[in-house]
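Next come the chains, spelled out residue by residue.
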Amino acid sequence: QVQLVESGGGLVQAGGSLRLSCAVSGRTVRRGGMGWFRRAPGKERQIVAAVSGYGGTTYYADSVKGRFTISRDNAKNTVYLQMNSLKPEETAVYYCAADNLGPLRIGEHDYDYWGQGTQVTVSS
């Protein structure tokens, strides 16, 4: 059974940084695609960043390019999302997701497993 556990959320001032972690069990992170999504209050869940299986091709939403970095540590079986220069409008619950397939995919429905989410609050 695949399980994903996020951590690293919290309260940060605008312009600050946070690093989210997603510990994966039941599957190696390198085997398939991994993604980070977020759901802001009153909005739909949206893709933030994704990394393909094996080769590690990455995708970033336009709004986070240059500020966020997705990475994975195969030895720790963990995926990270480094978030810099955070903005108040990025306050949301952030979710880690795992895709059974390897290619880079960015649709919410492409992913098979989800974590419980971690709250990120950016104060102005």
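Novice: Please clarify how the nonpolar core should be interpreted in this entry.
Specialist: Most often, soluble globular proteins keep nonpolar side chains buried together rather than apart. Counting residues in hydrophobic clusters, the biggest one holds 29 residues, and the most contacted among them are Met34, Trp36, Leu81, Met83 and Tyr94. Mapped by element, the contributors of at least two residues to this core are strand S3 (18-25), strand S4 (34-39), strand S5 (46-51), strand S7 (68-73), strand S8 (78-83), strand S9 (92-98) and strand S11 (118-123). Counting 5 residues, the second largest nonpolar core, distinct from the first, contains Phe37, Ile47, Ala50 and Tyr111.

Novice: Sorry, what's going on with the state of the cysteines here?
Specialist: Under the criterion given, the structure shown has 1 disulfide. Sulfur-sulfur distance for the disulfide between Cys22 and Cys96 comes to 2.1 Å. Disulfide Cys22-Cys96: torsion about the S-S bond near -80°, hence left-handed. In this pair, Cys22 is assigned in strand S3 and Cys96 in strand S9, connecting sequence segments 74 residues apart.

Novice: Can you walk me through the sheet that holds S8 in this structure?
Specialist: Backbone hydrogen bonds hold the strands of a sheet together, and the pairing may be parallel or antiparallel. Here we have 4 strands laid out as an open sheet, ordered S1-S3-S8-S7, and antiparallel in their pairing. Each edge of the sheet is formed by a strand with only one pairing partner; in this case those strands are strand S1 (3-7) and S7. Direction aside, neighbouring strands of the sheet carry axes that sit 15° apart on average. Sheet analysis places S1 next to S3, joined by 5 bridges and oriented antiparallel. Bridged to Val5 within S3 is Ala23.

Parameters at a glance
- Residues numbered from 1 in each chain as written.
- Predicted model: local features only at pLDDT ≥ 70, side-chain atom pairs only at ≥ 80, totals over all residues.
- Heavy atoms only, no water.
- Core = buried A, V, L, I, M, F, W, Y, C linked by side-chain atoms within 4.5 Å.
- Buried < 20%, exposed > 50% of the residue type's maximum accessible area, 1.4 Å probe, protein only.
- Helix = DSSP H or I, 4+ residues; strand = E, 2+ residues; numbered from the N terminus.
- Disulfide = S-S within 2.5 Å.
- Pairing = 2+ DSSP bridges.
- Axes fitted to C-alpha atoms, helices over the stretch in contact; angles between N-to-C directions.

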